[in-house]
Amino acid sequence: MEGSSGNMRSSEQREEMKKIREKTVKKRSKQKEEEDQDQIFNFNYKPAEEEEDEEDEDLSDSEDSVYSGLEDSGSDSEDDEKEGSGDINDDDDDDDDDRKVESEQIQQTEERKRKEEEEEGVTDEYEHDSSDEEDIRNTVGNIPMEWYRDFPHIGYDLDGKKIYKPIRNKDELDDFLDKMENPDYWRTVHDKQTGSDIVLSDEQVELVNRLQRGQFGEVNFNEYQPSVEFFSRDVMIHPVTNRPADKRSFIPSLIEKEKVSKLVHAIKMGWIKPRRVEDDSRGRYYDLWASEDSSILAKHRMHLPAPKIPLPGHQESYNPPPEYLFTDEERALWEQQDPSDRKLPYIPMKFSSLRQVPAFPRFIHERFERCLDLYLCPRQRKMRVNVNPEDLIPKLPKPKDLQPFPTTQSLVYRGHSSLVRSISVSPSGQWLASGSDDGSVRFWEVCSSRCVKTVQVGRAVKNVAWNPNPSVCLLAVALDSVVLILSPSLADRQVVSSSERLLSGEQEVEPTEGAGPVIWSEAEGEELNQGIRLKIQHPKAVHQVVWHAKGDYLASVMPDHSSHLQVFIHQVSRRRSQNPFRRNKGLVQCVSFHPVRPYFFVATQRSVRIYNLVKQEMTKKLQANSKWISSMAVHPGGDHVICGSYDCRLSWFDLDLSTKPYKMLRHHKKAVRGVAYHRAYPLFASASDDGSVIVCHGTVYNDLLQNPLIVPVKVLRGHVITHDLGVLDVTFHPTQPWIFSSGADATIRLFT
Amino acid sequence: MGGLQKKKFERGSATNYITRNKARKKLQLSLPDFRRLCILKGIYPHEPKHKKKVNKGSTAPRTFYLLKDIRFLLHEPIVGKFRDYKVFVRKLKRAYGKTEYSAVERLRENKPTYKLDHIIKERYPTFIDALRDIEDALCMSFLFSTFARTGKCHVQTIQLCRRLTVEWMNYVIAARALRKVFISIKGIYYQAEVMGQLITWLVPYQFSHDHPTDVDYRVMATFTELYTTLLGFVNFRLYHSLNLLYPPKLDIKAESELKEENEDDYAMNSECYLEKLSALSASLSRVVSTAEEEEAELDQFPIEGDDIEKMEAREKEHKQQEDQKKLFEGLKFYLSREVPRESLAFVIRCFGGEVSWDKSVCIGSTYEVTDETITHQIVDRPNIDKQYINRYYIQPQWVYDCVNAKIPLPVEDYFLGVTLPPHLSPFVEEKEGDYVPPEKVKIMALQRGEKPAHEQEEDDEEEEEEEEEEDDDDNDDDDEEKDEEEEADEKNLKKMEEQRSQGKSLQVKVTPGKVKVENSARLEQEEKAEEKRLAIMMMKKKEKYLYDKIMFGKKRKTREANKLAAKRKAHDDAEKAKKKRKTRK
């Protein structure tokens, strides 16, 4: 049923088409030839046509063939009739179809004849059948025909009847024979769908040829016809169409109005701006500095121009002198270093010719870093110190003009076997006493460097001090906790006797001294022979002994943190001792008497205190500004003090000026061990562990307004540093500009 | 009980400075915009004298700007443009998001742009200011002009940079302003004197760049934006100062010469002109065509005394400079294809030489290899097949060395295949005590007009130098020697003492005394040295510190110089030994 209904539909359609075609028959008659070709495209029709027209029909008439094909299927016989007679009622036809099938088949032959007659009249109807792709005879559609290889038929016609294959298939031989015999073989085409051969007509062959050449199918068709311009710029009198204009073309559009008003509003509000005129002044140059006014210049006062990139040196050359190239060690060092520490940011390289020079890999980096420097680097104005170093050196009087002062080492006193702690010169300047760690005190003749006397005291001698009174000849020796008074008898008889008298005069008074911390005792026997007269036993180890200028008083120092018993003042003539201080004010380093007035200097670790012995009070406290005072000397005038300290400094105090040092001298490289003033000449000296003695000129003026003049005049070297100790003590000759120094190398040296 | 209590950090230096973040907030700019603004306006951080005071007591590391600078930025019209741009970008993004492409188009048409002219004028109120600061601009432009179109920056920027640098080079040629050239491993340094300002710039070698990833190209691009504007204005002014047309035009004569039938092969018509300009082989046309520029003679003023010498020196220098300008005049160069064409053409043309090259290398070659009048052919290969007799085949270094020496150097050292003499930096000016490489000494002798001396003499000179150095060393050593002597004496004495102490009889022996020759001059010197030492001891602590620093620097310098000299000597000795060995064989 489905098949039949499909047929019905298709037939209906065809009929409608036919009607339309009928109307235009006459017009199309002109284009008859064209349509011929349309037919040709539709090869499906051909085989059918051939089948029927084998006997009589002419191939050229394609309309016949189309029709005959239809006829062959035998389905539309009635339709055709009706068509031919003009359509009465289409609906009835369908009903009739089924009924009349059998009868039709019987009448086939008759009908064929009839149709042939009818064809003459109806041909035009099918001329314009453009449904080429629609195969009318075989309904299997566009499938591979191999599927029907094993069947006797090759498909079905419109009525669902099988279309049978030609009874005898052509074999090779037939084919060959055909090829040889049939003159039309070359134009014969096998139609697989219907299993028949079609011989193409001359026109068809011609058409194929034309198509192959890429030409139009129709011979007469002119591809280059002049085109008629339908719409042209010329204003025509008549409208193209005669249609009257719409009403809406006369009425202003509301939508447009809305849009325009929106735009206008937007323009008013400044939302839409007119199209920007392309500003071509950008990238165009002119004389910018035509009028240079200085008014802007004032703004730039704070401007710091960026420093320029330093210019390259020889080592950056592509072919530098060989000395600028890195050695292996330098290269290794360069590679190890942090990039910021490197002296050069690149390795110098040598290329034998210009063409071998490669691109510098860090070029962009360096440029970029420069950019960063320009805008990120804080700038600061720094004054470059452009000083001639010579100008920095102070202008001092020439040492030559400040003579005399010791300049050369003239004598060496040898004999001690250990470091010489202390030396002292007799007031006459003829004798030199020295105390050493080897437990001996030696007396030397200054001029000949002969050791005239040796006193074995048994223990390391800490300090020796010659009595400054020229009328007596006594020597105080500090060792361990004992202070010995020696009478070396190295003077005139008169002097010796006077000193004996001084020592003996007190004997009566001695017993009056009760049992204090200090015990006076007289030496006996062997000791007496050696010249030791008195022993003053202290509770603790004595480090220093100092005579008063008059030669009667003697001060001894026992540095101790914990007690107030650090300093004792002894009166030799009366064999009396007293402790002047009630309170402990720090570790006492050394003490000194004022040369003329009753003042007493006590140097603790960091300061120097000056006591008035008469009033029994402190008059001044000098801040030494050093960590640990080692030694102190008082100017013979009494108004100036120098302090040496273990932190390499020598401070000069002007007592009239201030309690702060007037000058700090940092001449030594190591701890200062001893300082000394010359009694007559304006000289002072300092001895240090670095093995040198520095002699300075220090003029003191009577005028209070003029500061002392301090000029270093000579650095004396000679002592050998042993056990990190250099020169331990230094003393001036009382009258001559000579200086003695004792060192850790067990020698005493005289510089003149 | 007077008045209010003064608050801290409300007066003084704390109010003069502002931190970066605060400045940014004040300007209402994002950090990139702020950065761009700072770059364009030349605002840089300042290091306050007392950081802690400015930093309100904190010692955190911060960058400070002068408040005045930031206030100054507030009035900058470009800040407004930046804001516009920000808005533009936002709108554009939105339009893209909504796929409103018509809106995108409209927005793009109205893209805000800005000009930097006023900033240039403001930063460089006078032309000389601009010239002083043009070095960085030139370096940057030359770098950007060598970039490939890889998207690191806009193509227009690259083209603009190229154009401006070509213009600059053409100006330098026209003004004959080049003074020094130096081929370094980084690139080629040029130094020109423009309006009395020495301007040095560095041109990278013509290779493609290996673009580093840790470089912010936006920063560089901003700088380039500023620099190209500056360079354009400077070029304009410079061209006009020489009566040249700007934008530059080739001389009509030169142009006709350069016309070739196959010039289309090189570039498109639009690019052709720039290419021709960048060939640097033709002169530029002037507004007023003067046939010969008259020599500006220095006017003579009546002068007395001291000034005469100065004047003479100046005149001499002037003359020397004029001579240098005509260094290559009358010489005809031909560049082989393996030498850096642009650099050599630039240098040769700057000193009046004529130059040409192979047609296939670049547009603008004026004569062929076969030209018989060529005097020098610059070649950088070990040998060449076909040589003409009447020309020198030299290596490119000759040109550069001649320029630096200001005289035509002997060509023998620069022939093909010869080991080149070292290429020295012309920027190093040796002061007293600095190390001077022997090659420099040689060149200086040549400049003085001395004949190139024999090797022997050179050696003598060197030796002399060395001796001098040794002398210096001696002075230092003297003291030590003395000490040593003393020590020896002491040892002797000790020995004697020991002997005595051991109870041996002393071998009494009188040795003949030696007469010590007193060198008065030396004594005096020593005395002076000691005086100085003593005086130094008396220096104040501050001055001593400074003095020590200066002396340390000096010593280091001499040490370095000595090291170089020693290295050189070792090298020379090694070379000599090698030579000897060779001759023996």
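For clarity, every value in this text was computed on a predicted model and none was experimentally measured. (Residues numbered from 1 in each chain as written. Chains lettered and ligands numbered in written order. Predicted model: local features only at pLDDT ≥ 70, side-chain atom pairs only at ≥ 80, totals over all residues. Heavy atoms only, no water.)

Here we come to the overall build of chain B. Along the backbone of chain B there are 20 helices and nine strands. Within the span of chain B, comprising 585 residues, buried residues form 41% of the whole. Counting contacts in chain B only where the partners sit at least 6 residues apart, residues at least 24 apart contribute 61% of the total. Accessible area for chain B stands at about 35,600 Å²; split by element, carbon and sulfur atoms hold 50% of it. (Helix = DSSP H or I, 4+ residues; strand = E, 2+ residues; numbered from the N terminus. Buried < 20%, exposed > 50% of the residue type's maximum accessible area, 1.4 Å probe, protein only. Contact = heavy atoms within 4.5 Å. Areas by Shrake-Rupley, 256 points an atom, 1.4 Å probe, with all protein chains shown as cover.)

The next subject is the pairing of strand β27 (residues 672-677) of chain A. Residue and element names in this part refer to chain A. Counting buried positions over the six residues of β27 gives five, a clear majority of the element. Pairing geometry for β27 and strand β28 (residues 683-688), over five bridges, is antiparallel. Bridge pairing links G674 to A687 in β28. Connecting β27 to the next strand, β28, in antiparallel fashion are five residues. (Pairing = 2+ DSSP bridges.)

Should the charged atoms of two oppositely charged side chains come close, the side chains can pair. All told, the structure shown has 42 salt bridges over all chains when counted by the stated rule. In this structure, the salt-bridge partner of R649(A) is D647(A), at a minimum N-O distance of 3.8 Å. Note on R649(A): relative accessible area 23%, which makes it partly exposed. Measuring nitrogen to oxygen at the nearest pair gives 3.1 Å for the salt bridge that ties R673(A) to D689(A). Of this pair, R673(A) sits in strand β27 while D689(A) sits in the loop between β28 and β29 (692-699), and the two are 16 residues apart along the sequence. Residue classification places R673(A) among the partly exposed residues on the basis of a relative accessible area of 25%. Salt bridges sharing common partners tie together E323(A), E439(B), R568(B) and D572(B). (Salt bridge = Lys/Arg side-chain N within 4 Å of Asp/Glu carboxyl O.)

What follows deals with the environment of S208(B). Checked against the element boundaries, S208(B) lands in the loop between β5 (197-204) and α11 (217-241). Along the backbone, S208(B) and F147(B) are 61 residues apart, and their C-alpha atoms lie at a distance of 7.1 Å.

The next subject is the interface of chain B and chain A. On the side of chain A, 94 residues touch chain B, which itself brings 120 residues to the contact. With both chains or domains summed, chain B and chain A bury close to 9,300 Å², and 63% of this area falls on carbon and sulfur atoms. Ranking the residues of chain B by area buried against chain A places I185(B), K186(B) and M538(B) at the top, with a combined share of 9%. Here R367(A) ties to D136(B) by a salt bridge, and the two come within 3.9 Å at their closest N and O atoms. Applying the counting rule to chain B against chain A returns 35 residue pairs in polar contact (both at pLDDT 80 or more). Looking at which element gives the most residues to the side of chain B that touches chain A, the answer is α11(B), with 14 residues. In terms of residue class, the side of chain B that touches chain A is made up of 65 nonpolar, 17 polar and 38 charged. (Buried area = accessible area lost by both parts, 1.4 Å probe. Polar contact = N/O pair within 3.5 Å; in protein donor to acceptor, adjacent residues only side chain to side chain. Nonpolar A, V, L, I, M, F, W, Y, C, P; charged D, E, K, R; others polar.)

Core analysis: the biggest nonpolar cluster contains 130 residues, and W168(B), L178(B) and W201(B) have the highest contact counts within it. The biggest single contributor to this core is α11(B), with 13 residues. Excluding its chain neighbours within four sequence positions, the residues that come into contact with L178(B) are V172(B), Y190(B), Q191(B), A192(B), W201(B), F346(B), V347(B), C350(B) and F351(B). By size, the runner-up hydrophobic cluster in this structure holds 20 residues, among which are W431(A), A433(A), V455(A) and L479(A). (Core = buried A, V, L, I, M, F, W, Y, C linked by side-chain atoms within 4.5 Å.)

Here the focus is the sheet that holds strand β7 (residues 431-436) of chain A. Residues and elements named next belong to chain A. Taken together, four strands build an open sheet; the order of strands is β6-β7-β8-β9 and the sheet is antiparallel. If you trace the sheet from one side to the other, it starts and ends with β6 (420-425) and β9 (450-456), each paired once. Across the sheet, the mean angle from the axis of one strand to that of its neighbour is 20 degrees, orientation sign disregarded. Of the strand pairs in this sheet, strand β8 (residues 440-445) and β9 are connected by six bridges, and their pairing is antiparallel. Paired with E445 across the two strands is R450, which belongs to β9. (Axes fitted to C-alpha atoms, helices over the stretch in contact; angles between N-to-C directions.)

Once that is clear, we can look at unusual backbone geometry. A cis amide bond, omega 5 degrees, links Q403(A) with the succeeding residue P404(A). In the Ramachandran plot, S449(A) falls in the positive-phi region, its phi being about 60 degrees despite a non-glycine side chain. With a phi angle near 55 degrees, M195(B) is a residue other than glycine that sits in the positive phi range. Inspection of the secondary structure assignment puts M195(B) in the loop between β4 (187-194) and β5.

Residues and elements named next belong to chain A. Pairing is antiparallel in the open sheet, where five strands are placed in the order β10-β11-β12-β14-β13. Among the strands making up the open sheet, the edge pair consists of β10 (461-466) and β13 (519-522). For this sheet, the mean angle separating the axes of adjacent strands, direction not counted, is 20 degrees. In this sheet, strand β11 (residues 475-479) lies alongside β10 in antiparallel orientation, the contact comprising five bridges. Paired with V464 across the strands is V477, a residue of β11.

What follows deals with the confidence of the model for chain A. Residue and element names in this part refer to chain A. On average, residues of chain A carry a pLDDT of 77, and 78% of them reach 70 or more. Here helix α5 (residues 62-73) is the element of chain A with the lowest mean pLDDT, 40, and helix α11 (residues 254-269) is the one with the highest, 94. Within the model, the stretch residues 1-17 combines pLDDT values under 50 with eleven contacts to residues more than four positions away or in other chains. Confidence drops under a pLDDT of 50 for residues 117-123, and excluding neighbours within four residues, the segment shows seven contacts in the predicted structure. (pLDDT = per-residue confidence, 0-100.)

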